[in-house]
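# Observations on chain architecture
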Amino acid sequence: MLAVLYRLDGARSAPIQPALIRATRSPDESIATLAVMILAKQSRSPELLRALVQAFRRPSPELIQQVAEALFRFKAVKELGTALRSAPLLLTRAYAASTLARLGLEARPALPPVLAALHDPARVVRLHAVSVLANLDHKAGLEEAARDKDPEVRQAAKRALEECAPRDQEER
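Residues numbered from 1 in each chain as written. Predicted model: local features only at pLDDT ≥ 70, side-chain atom pairs only at ≥ 80, totals over all residues. Heavy atoms only, no water.

## Here's the deal with the packing of helix H7 (residues 90-102) against helix H9 (residues 123-135)
Where H7 contacts H9, the axes come no closer than 8 Å and their chain directions differ by 15 degrees. Relative to H9, H7 is oriented roughly parallel. Relative to H9, H7 is oriented so that their crossing is left-handed. Mapping the contact onto sequence places Leu-90, Arg-93, Ala-94, Ala-97, Ser-98, Leu-100 and Ala-101 in H7 and Val-124, Val-125, His-128, Ala-129, Ser-131, Val-132 and Asn-135 in H9. Tallied by class, the residues present in the contact of H7 with H9 amount to nine nonpolar, four polar and one charged. (Axes fitted to C-alpha atoms, helices over the stretch in contact; angles between N-to-C directions. Helix = DSSP H or I, 4+ residues; strand = E, 2+ residues; numbered from the N terminus. Parallel < 35°, antiparallel > 145°, perpendicular 65-115°, else oblique. Left-handed = near helix turned anticlockwise from the far one by under 90°. Contact = heavy atoms within 4.5 Å. Nonpolar A, V, L, I, M, F, W, Y, C, P; charged D, E, K, R; others polar.)

Now the structure itself:
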């Protein structure tokens, strides 16, 4: 199966997409991961995004990383926000938040789940949420994060607020 997938890599025709989407559900994590890597080079489609979201729920670090990269390439803000809000796996939520941070201002539609992530039990998720809020200059969210129970999260939020202040003065 891996050999077949390697041959499909680089093929961009729509007929191979269903086979690759099926491969994302393979019990063999290496097959599923390779399928996601190839699909990331394909054209965005609703079926493709659904398959990526399903793969994002699997407990495979390499697969989760590749899905996050594919969702980044497709600028799938809605899907990343949904994963951030509801994924049971910490790793998936962390990758969703960090990927939204990489998207910069394009992450704005995911603001509600990012604000909710400030209450995530995992510090790493809260730290990435602070990065997203900093990119969006969302002062209210950053002020909330500046009161976090964790000193690292508080410090990151305070630094982001300090960086927002000079930009505010430049705009005046």
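## A word on the packing of aromatic side chains
Enumeration over the complete set of coordinates arrives at zero aromatic pairs. Lying over the aromatic face of Phe-72, Lys-75 brings its terminal NZ or CZ to 5.7 Å of the ring centre. Sitting above the plane of the Phe-72 ring, Arg-102 keeps its charged end 3.7 Å from the centroid. (Phe/Tyr/Trp six-rings, centres within 6.5 Å; stacked < 30°, edge-to-face > 60°. Lys NZ or Arg CZ within 6 Å of the ring centre and 35° of its normal.)

## A word on the environment of Arg-123
For Arg-123, the location among the structural elements is in helix H9. When the C-alpha positions of Arg-123 and Lys-149 are compared, they lie 9.5 Å apart, and in sequence the two are 26 residues distant. Sequence-distant contacts of Arg-123, that is, excluding residues within four places in its chain, are made with Asp-150, Glu-152 and Val-153.

## Comments concerning the packing of helix H4 (residues 46-56) against helix H5 (residues 61-73)
Close contact between H4 and H5 brings their axes to 9 Å; oriented N to C, the two are set at 150 degrees. By the angle between their axes, H4 is roughly antiparallel relative to H5. Pair H4 / H5 crosses with left-handed handedness. Of the residues in H5, those touching H4 at Leu-49, Leu-52, Ala-55 and Phe-56 are Leu-63, Ile-64, Val-67, Ala-68, Ala-70 and Leu-71.

## Focus on the pattern of salt bridges
Across all of its chains, the model carries nine salt bridges by this definition. With a shortest N-O distance of 2.9 Å, Arg-123 and Glu-152 are connected by a salt bridge. In this pair, Arg-123 sits in helix H9 while Glu-152 sits in helix H11 (residues 151-171), placing the two residues 29 residues apart along the sequence. We note a salt bridge from Arg-126 to Asp-148, for which the minimum N-O separation is 2.8 Å. Here Arg-126 is found in helix H9, whereas its partner Asp-148 is found in the loop between helix H10 (139-145) and H11, with 22 residues between them in sequence. In this pair, the class of Arg-126 matches that of Asp-148, namely buried. If you follow the salt bridges from partner to partner, you end up with Glu-69, Arg-73 and Arg-102 in one network. (Salt bridge = Lys/Arg side-chain N within 4 Å of Asp/Glu carboxyl O. Buried < 20%, exposed > 50% of the residue type's maximum accessible area, 1.4 Å probe, protein only.)

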